[in-house]
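Examination of the molecular architecture
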Amino acid sequence: MGWGVIEFSGTRLTHVAHGVLRSDAKTQLAERLLILHEAIAAIIAELRPEALAIEQAFVAKDPSAALKLGQARAVVLLAAARAGLAIAEYAPNHIKKSVVGVGHAEKVQVQAMVRRLLPTSQVEAADAADALACAIAHAHLSGTRAKLLAALA
């Protein structure tokens, strides 16, 4: 599972950190979920983000994989909720459109745009690039919301 943290002010985006959490597929699922929860909780405690943006699950061809993905998402959402973070969920197509300009962009295109938008990130892993793309999409949408609220006030 990829993760990424950015800071943003207006339209300025700044890379903070990113990475990929991996677990041994031979380990029991419950233990893998516990490891994931502890890792995410530690990242939240260390980097102290204000919000967590996560990609919405989509139904894959493999129901077993989709179920495991849902369980992993639940663990991340739980860690964020326990930390009191604002939580936003975005469809994969929305994230790709926000970052690349096309909702059905390929992973390579997402990685290239993340590197362009966050040049200091030097992101190589596709999962980490996807996580940073989700953060970028959230930053763009948050900025738009703030402008709308200011205009209405």
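1. As for unusual backbone geometry
For Arg48, which is not glycine, the phi dihedral falls at a positive 50°. Taking relative accessible area as the criterion, Arg48 reaches 66% and is therefore assigned exposed. Residue Gln122 is not a glycine yet carries a positive backbone phi of 50°. Tracing the chain through its elements places Gln122 in the loop between helix 4 (107-117) and helix 5 (126-152). You can call Gln122 exposed: its relative accessible area is 62%.

2. Section: the packing of helix 1 (residues 29-47) against helix 2 (residues 63-82)
The contact between helix 1 and helix 2 brings their axes to 9 Å, and the two run at 35°. Every pair of crossing elements has a handedness; the one defined by helix 1 and helix 2 is right-handed. Contact residues: Leu29, Leu33, Leu36, His37, Ile40, Ala41 and Ile44 in helix 1; Lys68, Gln71, Ala72, Val75, Val76, Leu78, Ala79 and Ala80 in helix 2. Of the residues in the contact of helix 1 with helix 2, the class split is 12 nonpolar, 2 polar and 1 charged.

3. As for the pairing of strand 2 (residues 12-20)
Put simply, side chains in a regular strand alternate between the two faces of the sheet. Sheet topology note: the strand 1 (residues 2-9)/strand 2 ladder contains 8 bridges and is antiparallel. Directly across from Glu7, in strand 2, lies its bridge partner Thr14. Between strand 1 and the antiparallel strand that follows it, strand 2, lie 2 residues; Gly10 among them carries a positive phi value of about 65°.

4. Looking at the nonpolar core
By size, the foremost hydrophobic cluster in this structure holds 20 residues, and its most contacted members are Ile6, Val114, Leu118 and Ile136. Within the residue set of this core, elements represented by two or more residues are strand 4 (86-90), helix 3 (92-99), helix 4 and helix 5. For this core, the element with the most residues is helix 5, which contributes 9 residues. Residues within four places of Val114 in sequence aside, it is in contact with Val99, Ser121, Val123, Ala129, Leu132, Ala133 and Ile136.

5. With respect to the environment of Ile35
Among the secondary structure elements, Ile35 is positioned in helix 1. Using a relative accessible area of 38% as the deciding quantity, one classes Ile35 as partly exposed.

Parameters at a glance
- Residues numbered from 1 in each chain as written.
- Predicted model: local features only at pLDDT ≥ 70, side-chain atom pairs only at ≥ 80, totals over all residues.
- Heavy atoms only, no water.
- Buried < 20%, exposed > 50% of the residue type's maximum accessible area, 1.4 Å probe, protein only.
- Helix = DSSP H or I, 4+ residues; strand = E, 2+ residues; numbered from the N terminus.
- Axes fitted to C-alpha atoms, helices over the stretch in contact; angles between N-to-C directions.
- Left-handed = near helix turned anticlockwise from the far one by under 90°.
- Contact = heavy atoms within 4.5 Å.
- Nonpolar A, V, L, I, M, F, W, Y, C, P; charged D, E, K, R; others polar.
- Pairing = 2+ DSSP bridges.
- Core = buried A, V, L, I, M, F, W, Y, C linked by side-chain atoms within 4.5 Å.

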